[in-house]
Amino acid sequence: LAKTTQPISMDSYEGQEVNITCSHNNIATNDYITWYQQFPSQGPRFIIQGYKTKVTNEVASLFIPADRKSSTLSLPRVSLSDTAVYYCLVDNNNDMRFGAGTRLTVKP
Amino acid sequence: SQTIHQWPATLVQPVGSPLSLECTVEGTSNPNLYWYRQAAGRGLQLLFYSVGIGQISSEVPQNLSASRPQDRQFILSSKKLLLSDSGFYLCAWNRAGTAARKTQYFGPGTRLLVL
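Overview of the structure. (Residues numbered from 1 in each chain as written. Chains lettered and ligands numbered in written order. Predicted model: local features only at pLDDT ≥ 70, side-chain atom pairs only at ≥ 80, totals over all residues. Heavy atoms only, no water.)

1. Focus on the overall build of chain B
Defined as follows: Segments assigned H or I by DSSP are reported as helices when at least four residues long, segments assigned E as strands when at least two residues long, and all are numbered from the N terminus. Values of the radius of gyration come from C-alpha atoms, whereas the globule rule sets the reference at 2.2 Å times the count of residues to the power 0.38. We call two residues in contact whenever any of their non-hydrogen atoms come within 4.5 Å of each other. Surface accessibility follows the Shrake-Rupley procedure with a 1.4 Å probe radius. Residue values consider only the protein chains on display as shielding.
Helix and strand counts for chain B stand at zero helices and 11 strands. Tracing chain B from N to C terminus, the helices and strands come up as β-β-β-β-β-β-β-β-β-β-β. Taken over the C-alpha trace, chain B has a radius of gyration of 14 Å; the compact-globule value for 115 residues is 13 Å, and the two agree within 12%. Counting only C-alpha atoms and orienting by the principal axes, one finds that chain B spans roughly 40 × 25 × 20 Å. When contacts within chain B are restricted to residue pairs at least 6 apart in sequence, long-range pairs at least 24 apart make up 55% of them. As displayed, chain B offers around 5,400 Å² of accessible surface, 54% of which is attributable to carbon and sulfur atoms.

2. Observations concerning the packing of aromatic side chains
Spelled out, the test is: Within 6.5 Å between ring centres, the rings of Phe, Tyr and Trp (the latter by its six-membered ring) count as paired, and their orientation is classed by plane angle as stacked under 30 degrees, edge-to-face over 60, tilted in between. Type-normalised accessible area, obtained with a 1.4 Å probe on protein chains alone, sets the label of each residue: buried when under 20%, exposed when over 50%, and partly exposed for intermediate values. Only lysine NZ and arginine CZ atoms are considered, and such an atom sits over a ring when it is within 6 Å of the ring centre and within 35 degrees of the ring normal.
For the coordinates displayed, the defined rule picks out 12 aromatic pairs over all chains. Ring geometry for Tyr32(A) and Tyr51(A): centres 5.1 Å apart, planes at 55°, overall tilted. Of this pair, Tyr32(A) sits in the loop between strand E2 (18-23) and strand E3 (33-38) while Tyr51(A) sits in the loop between strand E4 (45-50) and strand E5 (53-56), placing them 19 residues apart in sequence. Seen from their ring centres, Phe98(A) and Tyr36(B) are 5.6 Å apart, and the 85° between their planes marks the pair as edge-to-face. Note that Phe98(A) is positioned in the loop between strand E8 (84-90) and strand E9 (102-107) and Tyr36(B) in strand E4 (residues 32-38), a pairing that runs across two chains. Per residue, the accessibility class of Phe98(A) equals that of Tyr36(B), and both read buried. Linked through ring pairs, Tyr36(A), Phe46(A), Tyr87(A), Phe98(A), Tyr34(B), Tyr36(B), Tyr49(B) and Phe106(B) together constitute an aromatic cluster. Between Arg68(A) and the ring centre of Tyr51(A), over which it is positioned, the NZ or CZ distance is 3.9 Å. It is Arg111(B) that lies over the ring of Phe88(B); its NZ or CZ is 4.5 Å from the centre.

3. Some details on the pairing of strand E7 (residues 64-70) of chain B
All names here are of chain B. Which entries qualify depends on this criterion: What makes two strands pair is DSSP finding at least two bridges between them.
Sheet topology note: the E7/strand E8 (residues 73-78) ladder contains five bridges and is antiparallel. Residue pairing for E8: Ser65 is matched across the bridge by Ser77. Count of turn residues in the E7/E8 antiparallel hairpin: two residues.

4. Examining the sheet that holds E8(A)
Residues and elements named next belong to chain A. Stated precisely, the cut-off is as follows: In this description, a line fitted to the C-alpha atoms serves as the axis of each element, helices being fitted only across the stretch in contact, and the angle between N-to-C directions of two axes falls anywhere from 0 to 180 degrees.
Across the sheet, which stays open at both edges, the five strands sit in the order E1-E9-E8-E3-E4 with mixed pairing between neighbours. The open sheet has two edge strands with one neighbour each: strand E1 (9-13) and E4. Direction aside, neighbouring strands of the sheet carry axes that sit 25° apart on average. Pairing analysis gives five bridges linking E1 to E9, with the strands arranged parallel. Note that in E9 the partner of Tyr13 across the bridge is Lys107.

5. Concerning a nonpolar patch on the surface
Selection criterion: The residues that make up patches have over 30% relative accessible area and no salt bridge, and they are joined within 9 Å when like-charged or within 5 Å when they are Val, Leu, Ile, Met, Phe, Trp or Tyr. Counted as salt bridges are all cases of a side-chain nitrogen of Lys or Arg within 4 Å of a carboxyl oxygen of Asp or Glu.
Side chains of Val12(B), Leu113(B) and Leu115(B) sit close together on the surface and give an oily, nonpolar patch of about 290 Å² of accessible area. On the basis of relative accessible area, Leu113(B) is assigned to the partly exposed category, the value being 41%.

6. A look at the layout of surface pockets
Gaps left between atoms show up when a probe the size of a water molecule is rolled over them. The condition is simple: Buriedness of a pocket was judged along seven lines, with at least five required to meet protein on both sides within 12 Å; pockets are open sets of points on a 1 Å grid over the protein atoms alone, cavities are sets where a 1.4 Å probe fits but cannot get out, and lining residues have an atom within 4 Å of a point. Grid points are joined across faces, edges and corners, and a volume is the space filled by probe spheres set on the points. Basically, the charged four are Asp, Glu, Lys and Arg, the nonpolar ten are Ala, Val, Leu, Ile, Met, Phe, Trp, Tyr, Cys and Pro, and anything else, Gly included, counts as polar.
Of the voids in this model, the largest pocket is the one considered here, and its volume is about 440 Å³. Forming the boundary of the largest pocket are 22 residues, of which Phe98(A), Gly99(A), Ala100(A), Leu44(B) and Gln45(B) lie nearest the centre. Elements with a contribution of two residues or more to the lining of the largest pocket: E8 of chain A together with E4 and strand E5 (44-52) of chain B. In terms of residue class, the lining of the largest pocket is built from 10 nonpolar, seven polar and five charged. The space that makes up the second largest pocket amounts to roughly 260 Å³. Lining the second largest pocket we find 17 residues, and of these Phe39(A), Pro40(A), Ser41(A), Arg103(A) and Gln38(B) sit closest to its centre. Mapped by element, the contributors of at least two residues to the lining of the second largest pocket are E8 and E9 of chain A. Per element, the largest residue contribution to the lining of the second largest pocket is three residues, and it comes from E8(A). Counted by class, the lining of the second largest pocket contains nine nonpolar, five polar and three charged residues.

Here is the structure:
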């Protein structure tokens, strides 16, 4: 069973803010929420991780509501180079399973 | 700093031939190691993971196998490749110990084409 659910794809334009939401209804107490970015022909790379409320770093923000059953990755002012697949991962075990991800396309 | 290597970068093999992909990690000890496969335009499928030498967990029954002969070496093998084995194979590692807050670090990948 998939532990996370994300939209398959999203389109945006340069300069806009993009919010990608991930549902994880069965998140466990010890689970953290981690987002990865993958460009074609490359392995995914870490973007941001959080447990609750809000986390911000130099590339993104992560919003997690009190019930932790979902999370939203926010990318401010996207550029063409942000076109990629974004994965939400919720796992506190050693079997790190990724979902299908969200394919974000940024248009000029 | 830690680095992860995979080779070869690309591989074209005929159906029925054997396969051996290698992954090594430097700069850390006792990592958890992972093999993923990604078909064109699809998400990541976890194939195997290992929490220690000789310890392999298989996620999907198939004609592939994995071995971990050394602490920082992870090998993906097949005795006879199928057309459906084509894809992008990614090796990854994370730190041993407490599962929470782990970050996956991925290698550059091997693109396999079975003809």
